[in-house]
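If you want the building blocks of each chain, they are given just below.
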Amino acid sequence: MKILITGTNGLLGQYLVRDCVQKGYTVVATGRGECKLSRDTLGNAVYKKMDITDKVAVETVLMETRPDIIIHAAAMAQPDACELDRAACSVTNVEATRYICDVAESINAKVIYISTDFVFDGKSGPYNEEGIPDPVNYYGQSKLDAEKIVQQLPKWTIVRTILVYGNILTGARSNIVTWVKDNLEKGNNIKVVNDQVRTPTYVEDLSRGILLVVEKDAEGIYHISGKEVFTPYEIALQIADFFGLDKSLMEKVDASVFTQPAVRPLKTGFIIEKAEKELGFNPVSFKEGISKIFQG
Ligand SMILES: NC(=O)c1ccc[n+]([C@@H]2O[C@H](COP(=O)([O-])OP(=O)(O)OC[C@H]3O[C@@H](n4cnc5c(N)ncnc54)[C@H](OP(=O)(O)O)[C@@H]3O)[C@@H](O)[C@H]2O)c1
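Residues numbered from 1 in each chain as written. Predicted model: local features only at pLDDT ≥ 70, side-chain atom pairs only at ≥ 80, totals over all residues. Heavy atoms only, no water.

Visitor: What is the right way to read the environment of Val61 from this model?
Guide: Examined against the element boundaries, Val61 turns out to sit in helix α3 (residues 55-65). Relative accessible area serves as the criterion here: at 7%, Val61 is assigned to the buried category. Spatially, the C-alpha atom of Val61 lies 45 Å from that of Asn194, the residues being 133 residues apart in sequence. Not counting chain neighbours up to four residues away, the residues in contact with Val61 comprise Leu4, Thr30, Lys48, Lys49 and Met50. (Helix = DSSP H or I, 4+ residues; strand = E, 2+ residues; numbered from the N terminus. Buried < 20%, exposed > 50% of the residue type's maximum accessible area, 1.4 Å probe, protein only. Contact = heavy atoms within 4.5 Å.)

Visitor: Got a minute to help me understand the packing of aromatic side chains in this structure?
Guide: The geometry of an aromatic ring pair is captured by the separation of the ring centres together with the interplanar angle, meaning the angle of the planes. All told, the structure shown has seven aromatic pairs when counted by the stated rule. Aromatic side chains Phe118 and Tyr139 sit 6.0 Å apart centroid to centroid with 75 degrees between the ring planes, which places their arrangement in the edge-to-face category. Here Phe118 is found in the loop between β5 (110-116) and α6 (138-150), whereas its partner Tyr139 is found in helix α6, with 21 residues between them in sequence. Accessibility classification places Phe118 together with Tyr139 in one group, the buried group. Aromatic side chains Phe120 and Phe270 sit 6.4 Å apart centroid to centroid with 80 degrees between the ring planes, which places their arrangement in the edge-to-face category. In this pair, Phe120 is assigned in the loop between β5 and α6 and Phe270 in the loop between β11 (250-253) and α10 (273-279), connecting sequence segments 150 residues apart. Classification of Phe120 by relative accessible area gives buried; the value is 0%. Joined through ring pairs, the aromatic side chains of Tyr165, Tyr202, Phe230 and Phe286 make up one cluster. The ring of Phe243 has Lys181 sitting right over it, with the charged end atom 5.2 Å from the ring centre. Over the ring of Tyr222 we find Lys274; its NZ or CZ atom is 4.2 Å from the centre of that ring. (Phe/Tyr/Trp six-rings, centres within 6.5 Å; stacked < 30°, edge-to-face > 60°. Lys NZ or Arg CZ within 6 Å of the ring centre and 35° of its normal.)

Visitor: Sorry, what's going on with the side chain of Ser142 here?
Guide: Topologically, Ser142 is positioned in helix α6. Overall, the relative accessible area of 1% leaves Ser142 in the buried class.

Visitor: Would you mind showing me how to read helix α8 (residues 203-216) here?
Guide: Because each turn of an α-helix spans 3.6 residues, side chains separated by three or four positions end up pointing in the same direction. Taking 1.5 Å per residue as the helical rise, α8 with its 14 residues ought to reach 20 Å, and the 20 Å between its terminal C-alpha atoms agrees with that figure. When you tally the buried positions in α8, you get 11 out of 14 residues, the bulk of the element. Buried residues of α8: Val203, Glu204, Asp205, Leu206, Ser207, Gly209, Ile210, Leu211, Leu212, Val213 and Val214, and no others. At the C-terminal side of α8, Asp217 shows a positive phi close to 50 degrees. (Expected span 1.5 Å × (residues − 1).)

Visitor: Whenever I open this one, the pairing of strand β4 (residues 69-72) confuses me. Can you help?
Guide: Burial of β4 is two-sided: the residues Ile69 and Ile71 facing one way and the residues Ile70 and His72 facing the other way are all buried. For strand β1 (residues 2-6) and β4, the ladder comprises four bridges, and the chain directions are parallel. Its bridge partner lying in β4, Leu4 is registered against Ile70. Here β4 pairs with β5 via four bridges, running parallel. Pairing of Ile70 across the sheet is with Val111, part of β5. (Pairing = 2+ DSSP bridges.)

Visitor: Can you walk me through the environment of Gly209 in this structure?
Guide: Relative to the helices and strands, Gly209 is located in helix α8. By relative accessible area, Gly209 is classed as buried at 0%. Through-space distance from the C-alpha of Gly209 to that of Lys252 is 33 Å; in sequence the pair is 43 residues apart. Look past the residues within four positions of Gly209 in its chain and what remains in contact with it is Ile224, Leu279 and Phe281.

Visitor: Would you mind going over helix α7 (residues 176-185) with me for this structure?
Guide: Buried within α7 are the following residues: Ile176, Val177, Val180, Lys181, Asn183 and Leu184. Check the buried side of α7 and you find it contacts β7 (164-165), β8 (190-193), α9 (232-243), β11 and α11 (286-295). In this structure Asn175 caps α7, since a side-chain oxygen of it lies 2.9 Å from the backbone nitrogen of Val177. Positive backbone phi, approximately 80 degrees, marks Gly187, located one or two places after α7. (Polar contact = N/O pair within 3.5 Å; in protein donor to acceptor, adjacent residues only side chain to side chain.)

Visitor: What's the story with the pattern of salt bridges in this structure? I'm lost.
Guide: It is possible for side chains of opposite charge to pair when their charged atoms get near one another. For the coordinates displayed, the defined rule picks out 17 salt bridges. The residue Asp80 makes a salt bridge to Arg264 at a minimum N-O spacing of 2.6 Å. With Asp80 in helix α4 (residues 79-84) and Arg264 in the loop between β11 and α10, this residue pair connects regions lying 184 residues apart in the sequence. One network of salt bridges, in which partners are shared, links Arg18, Asp19 and Glu204. (Salt bridge = Lys/Arg side-chain N within 4 Å of Asp/Glu carboxyl O.)

Shape descriptors only; they carry no functional weight alone.
Set out below in structure tokens:
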């Protein structure tokens, strides 16, 4: 089985490469620009430069490599950047997905598309796969538009996930865990939102969940995240507890105190029963996730 992965210089992509190689698949890792993966992570995978917004590059790499499965993880994934540059967001998240799907159909490849809780409006989370999407920002809209393109294919799976945390193998990248830890260690006061709800996802669980989709040849939509429902403030409390840091530096606030370009859905979070039952997906607790990051 040959698997081509997009966005392999990113947080999720690097784990997908590592895990697909370890499972014995033939792996084509692709990314914008030079390969940032270590020799260890890359194993016997080949790396190809592929800017997904370059239609010719997408056609060339996919036609040359002819994968059985394309795991499409590359995206413009920062909601505020998407809101501020809607044209770039649309080309990267929507048009590029169309380029990939057009070739996928012609070579009879299945597409596993990585999507987000931000397709929902956050009025009635946690959501299962039957929830009706209604995005409140441009990033969410672009990911939903891409989902609709993917759903036109003969063979597709959409894996939606939420607030992914973990170590990036290719260097430091901030996420909620490192942000809280770094600030509290420096003695900085931080304001943390307490009126949003999420089910944070440990990156290795997400990669494993996607591998289960591959192994079981699962099709349709799957929600893959952690099981525990937390506000960001509750997440921060757990991080402070874990590292024995000063919780009094943290102030609970409503999301409305931040003026961010992209509105965030308030209450998302996923019900993951379908993935548990059909895939055997079994994520770690948030506490276990943090300990894996910092203690290996
Ligand atoms: N992280 C989360 O909390 C979260 C939550 C829900 C869903 N998701 C989805 O999960 C997927 C993976 O996200 P992630 O957390 O791994 O994000 P990430 O670390 O930002 O990785 C995204 C990757 O996409 C690549 N990319 C962007 N534009 C590209 C282009 N034109 N051509 C080729 N590659 C391009 C980036 O390349 P560079 O490295 O060159 O910038 C980056 O390596 C995304 O589809 C995202 O929407 C993430």
